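Residue-level structure breakdown
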Amino acid sequence: MDTHNYKVDSSETFGLKTIREGDTFWNDVFYHNVTINIDDQNEIWKGKFCGSKTDPHIYTFDGVSYENHISGDFILYRNTLFNQEIQTTHRLCYPSYNFPYCTCAVSIQSGLDVFLIYVCREKSFIDYISCNDSVMQVNKLRDKLYKIVLPTGTFVLVTLVSWPIKDAWQLDIELFPSLSDVNNTYGLCGTLDGTKDNEFTRRDGYKDTVTLLYPNEFSRSWNVQDGENLLREPIINRQPISSALDHTCTCSPNEKQCLYKIFKPCLMGHEIQCTVHSRTQNRISSIKVQRNSSQSGESQLLRKKRQTFPHVKTQEEAEDICFAAFQVSETYRMCMEHVSDLSNSSYVNCIIDLTMTGDVNITTLHVESAIQQCATFISLNDTLQTTNPDVTKKLKSFCPRNCSNHGYCIEGNCTCDQGYGGSDCSFDTLSAPEIWSTFPSNICDKSTQSCSRMHFEGRYFIENIRKTCYIQRTLVRHDGSAINTAHFEQPLIAHNLFRGSCLLPLARDTEWVTQYTFNVSYDGKEFTESIKLHVYQSECQQYIFNDGRDQFLLKEGFCFIRNACMTQGSSNSNDTCYMCDPTKHKYSWTQNTDCVISSSPTPEEYTISSLIYILIACIAVIILVVPVAIWKYRKSHGYKQFYRIDDHRKEITEELSLKFMKKSKKPGDYVPMTHIDGAY
């Protein structure tokens, strides 16, 4: 299995052992200490990368840069041999501007797995849309940075950037290949083979000259066609990963683990688990795949650009401004000095964008992009980490955007000032987050779902700040009355900028339906609007929405006893003489007349009032029996009797009391007088 970096272990030692199968002559043959020497002859892929930046500037694996200002959906990368692909979507960066175009969506596919980052509209999305093979590893490194590792070891870094105004999101995409990509790549990223001449190879095999800044025909040839769009076509039409990779198994004395991955999984950031459900499918079905809307040449596009922005810069002005912005960054200067793989693509993109727009704020995006690329190459380069550990530590410890001047940086992590949050302290936290939708929606069925967590879609569920769900839980009887109401505070987990979740505080008490009311807040002062959720069981309960109210009715042929659905005729597991008979009692057990009822009551028959009666009876028995027993004991052992007369302590011995006793008919029997001067 390959590592996440350029270094390959030079040797491995393992043993070979036959299994017990077939001819017994070969059973349990063991060969010890087999050493495999690894010779890493092909290094073409090391130090290479393909990318699509901002509006969008594209550079191929073999180092050719070009522009693609065409609206539509494109195949950025395809490796047919290993069944993996990346598609991107280009739209106007912001509707108020008629230029430029930006990448606003990326869908990454391996076998029957697809992960999507979509920011083309106001409501954005980051999640799996399919994970039938479960071979990709997706990690949220920061709230704006995601790493997607394909089973071959090829990985993608996707960064969310905002330009020209706040919340106008676009995507920066960087693709770092593995050995499996050599001579096997197609699409806008070109062919990874160490030569530049064939980078602009169209889908039909025709090669355009690589000196073109706008190779439109090459770009259009890789438009996503009918039947291959990952957002519109059924994923099941794709081949499973088993068609491209073998099942590789690793064994230990206690377990065997089999994977289709040929890279070593690495723990980093927060791994996004695949939890695909109807929420995701409904969300994706609302995404409309648009056709190409621009067939015009670049000259017209450039004229539009110069008409829109009045403060465009000349080439010389742009170069001066970008040079100053890059040189002022100490981290970038250190990268240029120590990281040989670092390209000047971000610097070139800065000059191009500044020439087009004149917006000097855009320089920050490109400096940040260069530093991120630098950090990635450091993580891949074992030699640099070994020879320059101090430099490596410094370069890995930079904070994104220098914490946006709203916090301070400590070893790569921002501590934000009050009122700001996020990995780069760029988000305002004085207002509550915005909720678009929830899963479950307004009801959750315990018969088919766990109903243990509420998922929120909205913006923004950010880092570096406390996020709380304020929950009111009410247990509701079948007649609509409330049993009890309790209040809880649960931490909100931010899965990404646009999705979070909270645990539901479950109840142990008996209830017909559980009603939850949610509010989400950053600071406990500003809250989202209330969200309601009812938890019920569709097995025996029917949900209806009537006259603006959520109602739950018991289905025919069912009882609902102690928070469980019972079919007609089913018996009580504790006492079979009790059964479900909804014609008599819908919410309690009915006694079976054909059964001899046990004298021992069932646990359900014990009530508070009956327990009180039993307790009183026990006390009465103690009061009556104990004194009599004591009296008999004393009498049988010849104890003297002591009596109290009025308030005076007078001892009357047994001999004196005999004078006031009259003799019975039988000798030896005495009958006490009932009253002696007021004494008993």
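Residues numbered from 1 in each chain as written. Predicted model: local features only at pLDDT ≥ 70, side-chain atom pairs only at ≥ 80, totals over all residues. Heavy atoms only, no water.

Describing the pattern of salt bridges
Under the counting rule described, the total for this entry stands at 17 salt bridges. The partner of E174 in a salt bridge is K53, with the nearest N and O atoms 3.6 Å apart. Of the two residues, E174 is situated in strand β14 (residues 169-176) and K53 in strand β3 (residues 50-53); the sequence distance between them amounts to 121 residues. Each member of the pair, E174 as well as K53, carries the same accessibility label: buried. The salt bridge partner of R466 is E489, with a shortest N-O separation of 3.5 Å. Here E489 lies in strand β26 (residues 482-491) and R466 lies in the loop between β24 (453-459) and β25 (468-476), a separation of 23 residues in the sequence. (Salt bridge = Lys/Arg side-chain N within 4 Å of Asp/Glu carboxyl O. Helix = DSSP H or I, 4+ residues; strand = E, 2+ residues; numbered from the N terminus. Buried < 20%, exposed > 50% of the residue type's maximum accessible area, 1.4 Å probe, protein only.)

A look at helix α4 (residues 315-327)
Relative to the 18 Å expected for 13 residues at 1.5 Å per residue, α4 spans 18 Å between its end C-alpha atoms, a close match to the ideal helical length. On its buried face, α4 sits against α5 (330-338), α6 (345-357) and α7 (363-380). (Expected span 1.5 Å × (residues − 1). Contact = heavy atoms within 4.5 Å.)

Considerations on α6
Over its 13 residues, α6 runs 18 Å from end to end, which matches the ideal 18 Å to within 8%, given 1.5 Å per residue. The element α6 is largely enclosed, with a buried count of 10 among its 13 residues. Inspection of α6 places S345, S346, N349, C350, I351, D353, L354, T355, M356 and T357 among the buried residues, and these make up the whole buried set. Directly after α6, the chain includes G358, whose backbone phi takes a positive value near 75°.

Describing the nonpolar core
Core analysis: the largest hydrophobic core is formed by 81 residues, its most contacted members being F115, I117, L160 and F498. Considering each element in turn, this core owes the most residues, 8 residues, to α7. With 17 residues, the next largest nonpolar core counts F456, A494, Y516 and V535 among its residues. (Core = buried A, V, L, I, M, F, W, Y, C linked by side-chain atoms within 4.5 Å.)

As for the side chain of T152
In this structure, T152 sits in the loop between β12 (145-149) and β13 (155-162). A distance of 3.0 Å separates the side chain of T152 from the side chain of Q84, its partner in a polar contact. There is a polar contact of 3.2 Å between the side chain of T152 and the side chain of T154. With near-sequence residues (within four places) excluded, T152 lies in contact with F82, Q84, S178, S180 and I262. (Polar contact = N/O pair within 3.5 Å; in protein donor to acceptor, adjacent residues only side chain to side chain.)

Describing the packing of aromatic side chains
According to the stated counting rule, one finds 25 aromatic pairs in the structure shown. An angle of 80° between the planes, with centres 4.9 Å apart, marks the rings of F326 and Y332 as edge-to-face. Each member of the pair, F326 together with Y332, is buried. One aromatic cluster is present, formed by F49, Y59, F155, F176 and F377 through successive ring pairs. (Phe/Tyr/Trp six-rings, centres within 6.5 Å; stacked < 30°, edge-to-face > 60°.)

Focus on the state of the cysteines
By the definition in use, this model includes 14 disulfides. The partner cysteine of C399 in its disulfide is C409, sulfur to sulfur 2.0 Å. What sets the handedness of the C399 and C409 disulfide is the S-S torsion sign, and at about 80° it is right-handed. Taken together, the positions of C399 in the loop between α9 (389-396) and β18 (407-410) and C409 in strand β18 put the pair 10 residues apart, joining distant regions of the chain. (Disulfide = S-S within 2.5 Å.)

Quick look at the sheet that holds strand β28 (residues 499-503)
Ordered by their spatial adjacency, 4 strands build an open sheet running β22-β24-β28-β27, and the pairing between neighbours is antiparallel. The open sheet is flanked by β22 (434-439) and β27 (493-496), the only strands paired with a single partner. Adjacent strand axes in the sheet meet at a mean angle of 30°, parallel and antiparallel pairs treated alike. Judged from the 3 bridges that link them, β27 and β28 form a sheet pairing that is antiparallel. The residue of β28 that forms the bridge with I493 is S501. (Pairing = 2+ DSSP bridges. Axes fitted to C-alpha atoms, helices over the stretch in contact; angles between N-to-C directions.)

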